[in-house]
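# Structural overview
Residues per chain, in single letters:
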Amino acid sequence: MENGNFRALCDILRESYGDRADEAVAGLCEERLTTLRVNTLKTCADDVFKSLRAANIRFSTAAWSENAVIIENAHESDIRRLDIYREGKIYLQSLSSMIPPILLDPKPEDAILDMAAAPGGKTTQLAALSGGAAAITACEKNKIRAERLRFNLERQGANRVTVMVCDSRKLDDRFLFDKILLDAPCSGSGTASNRRCDFTEQLYRRCCELQAELLKKALRLLKPGRRMVYSTCSILPEENENLLLKILPKFSAKLAPIPENAFSGAKRLPCKIPEALLIMPDRLYEGFFAAIIEK
Ligand code: SAM
């Protein structure tokens with residue numbers, strides 16, 4: 001049975017996507033398979049595959065990365081009991097949420113800002129993708145969530161990350177970064193379901209305001225000629241493409257295309273900006289938006 005919050009969300013999805021909204025709603029209601037990321041700071045894909053086979057866990061990998069593992073016959077609770085989980089050799093993470101760090105393409109010499117970091121899935125992935133060498137500043141406003149972030153950084157062996165417990169909107173404009181990830185707080189419309197849905201009009205409006213402020217700050221903190229990634233686990237245009245279309249021209253920033261065949265396996269929802277990636281929720285992927293921005 002649908003709850004009221006989910007009904008309100010479905011109404012906005014129908015206004016935004018017409019005929020395609022039913023597919024998105026059906027996707028939201030699917031039970032997603034458990035997925036995890038191999039933490040290359042501590043191990044390699046083959047070693048994780050061996051451990052999974054030893055535990056009689058069946059799996060496959062995403063077409064776009066052997067480190068993105070799809071579990072076929074076990075739940076998160078089963079994975080949490082494995083040594084490789086306790087030792088930080090893997091991180092439970094949705095496939096969609098592994099995409100923004102890949103798009104940011106961190107290099108060992110980069111100074112990177114992660115503006116909304118907890119619990120740290122993407123921060124630790126950024127660290128791993130840079131071979132543990134990039135200097136990463138991870139901001140998180142919520143103290144309790146920042147503790148979780150610290151715990152995860154430690155467990156995953158991401159040693160070159162500095163945690164700042166602060167509101168990213170208040171960061172000093174004098175400190176510029178080579179790359180910025182803004183995985184913005186959002187309404188969660190891409191991960192809601194008829195069983196669990198926190199969506200309200202009020203939350204949606206508040207998120208849109210916050211996203212605009214965070215994006216403006218990100219564009220001020222990004223070095224000229226460099227790249228940032230904006231992402232949300234929302235599939236509502238106001239939190240994604242409409243926001244970018246409104247704000248980017250004011251900063252002479254532009255979108256860089258994400259090739260259409262990148263991340264094969266992820267179905268796409270129609271999006272006003274062809275350069276971006278808007279993922280249709282389904283059994284494998286959460287609904288998700290990501291865009292590469294260059295200043
Ligand atoms: N990037 C994270 C990951 O991959 O694990 C998930 C981030 S979650 C979508 C958004 C986070 O932003 C929340 O932990 C929230 O507490 C934090 N947040 C919200 N407003 C913030 C702000 N103004 N400054 C810094 N962090 C903020």
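Above this text is the structure in question.
These lines cover the structure that appears in this document, whether it is placed above or below. Being a predicted model, the structure only gives us computed values, none of them experimental. Once a new chain begins, its residue numbering starts again from 1 and follows that chain's sequence as written. Side-chain atom pairs in this predicted model are given and counted only at pLDDT of 80 or more, local residue features only at pLDDT of at least 70, and totals for whole chains, interfaces and linings cover all residues. In computing side-chain properties, one takes all heavy atoms of the structure into account and sets aside hydrogens as well as water.

Only centres within 6.5 Å qualify two rings of Phe, Tyr or Trp (six-membered ring in Trp) as a pair; their planes then separate them into stacked at under 30 degrees, edge-to-face at over 60, and tilted for everything else. Considering all chains together, one arrives at four aromatic pairs under this definition. When the ring of W64 is compared with that of F263, the centres are 5.3 Å apart and the planes differ by 75°; the resulting orientation is edge-to-face. Of the two residues, W64 is situated in the loop between strand 2 (59–62) and strand 3 (65–71) and F263 in the loop between strand 10 (254–256) and strand 11 (277–279); the sequence distance between them amounts to 199 residues. A single burial state applies to W64 and to F263, both of which are buried. To qualify as a helix, a DSSP run of H or I must reach at least 4 residues; to qualify as a strand, a run of E must reach at least 2; elements of each kind are numbered from the N terminus. For the exposure calls, accessible area comes from a 1.4 Å probe over protein chains only, and a residue counts as buried if that area is under 20% of its type's maximum, exposed if over 50%, partly exposed in between.

Attention shifts here to the pairing of strand 7 (residues 161–165). DSSP bridges decide pairing: two strands pair if at least two such bridges lie between them. Judged from the five bridges that link them, strand 6 (residues 135–140) and strand 7 form a sheet pairing that is parallel. Of the residues in strand 7, the one forming a bridge with C139 is M164. Convention used here: a crossover is right-handed provided that the path from the first strand, over the helix, to the second strand proceeds clockwise when the strands point away from the viewer. Crossover connection from strand 6 via helix 8 (residues 143–156) to parallel strand 7: handedness right-handed.

As a structural note, the neighbourhood of the ligand is formed by 21 residues, with K122, E140, R145, D167 and D183 the closest of them. Within the side chain of E140, an N or O atom sits 2.6 Å from an oxygen atom of the ligand. Surface accessibility in these figures is a Shrake-Rupley result with a 1.4 Å probe; residues are shielded only by whichever protein chains are displayed. For the ligand, whose free accessible area comes to 600 Å², the fraction covered by protein is 87%. Mapped by element, the contributors of at least two residues to the shell around the ligand are helix 7 (121–129) and helix 9 (201–221). Following the grouping adopted for this structure description, the nonpolar residues are Ala, Val, Leu, Ile, Met, Phe, Trp, Tyr, Cys and Pro, the charged ones are Asp, Glu, Lys and Arg, and the polar ones are all others, Gly among them. Split by residue class, the shell around the ligand holds 10 nonpolar, four polar and seven charged. What makes a residue near a molecule or strand is one non-hydrogen atom of that residue sitting within 4 Å of it. Nitrogen and oxygen atoms within 3.5 Å of one another constitute a polar contact, given that in protein one can donate a hydrogen and the other can accept it, and given that sequence-neighbouring residues count only through two side-chain atoms.

Strand order in the open sheet made by the four strands is 2-3-1-4, with antiparallel pairing throughout. Every other strand in the sheet has two partners, leaving strand 2 and strand 4 (90–92) as the edge strands with one partner each. Each strand axis lies, on average, 35° off the axis of its neighbour in the sheet, ignoring direction. Relative to strand 3, strand 1 (residues 35–38) is paired through three bridges, and the arrangement is antiparallel. Think of each axis as a best-fit line through the C-alpha atoms, taken over the contacting stretch in the case of a helix, with angles from 0 to 180 degrees between the N-to-C directions.

Attention now moves to the pattern of salt bridges. Any Lys or Arg side-chain nitrogen located within 4 Å of an Asp or Glu carboxyl oxygen qualifies as a salt bridge. Enumeration over the complete set of coordinates arrives at 22 salt bridges. With a shortest N-O distance of 3.1 Å, E23 and R20 are connected by a salt bridge. Of the charged contacts, one joins D172 and R174 as a salt bridge, the two residues approaching to 2.7 Å between their closest N and O atoms. Look at D172 and you get partly exposed, because its relative accessible area is 32%. Connected through shared salt-bridge partners, D110, D178, K179, K223 and R226 make up one network.

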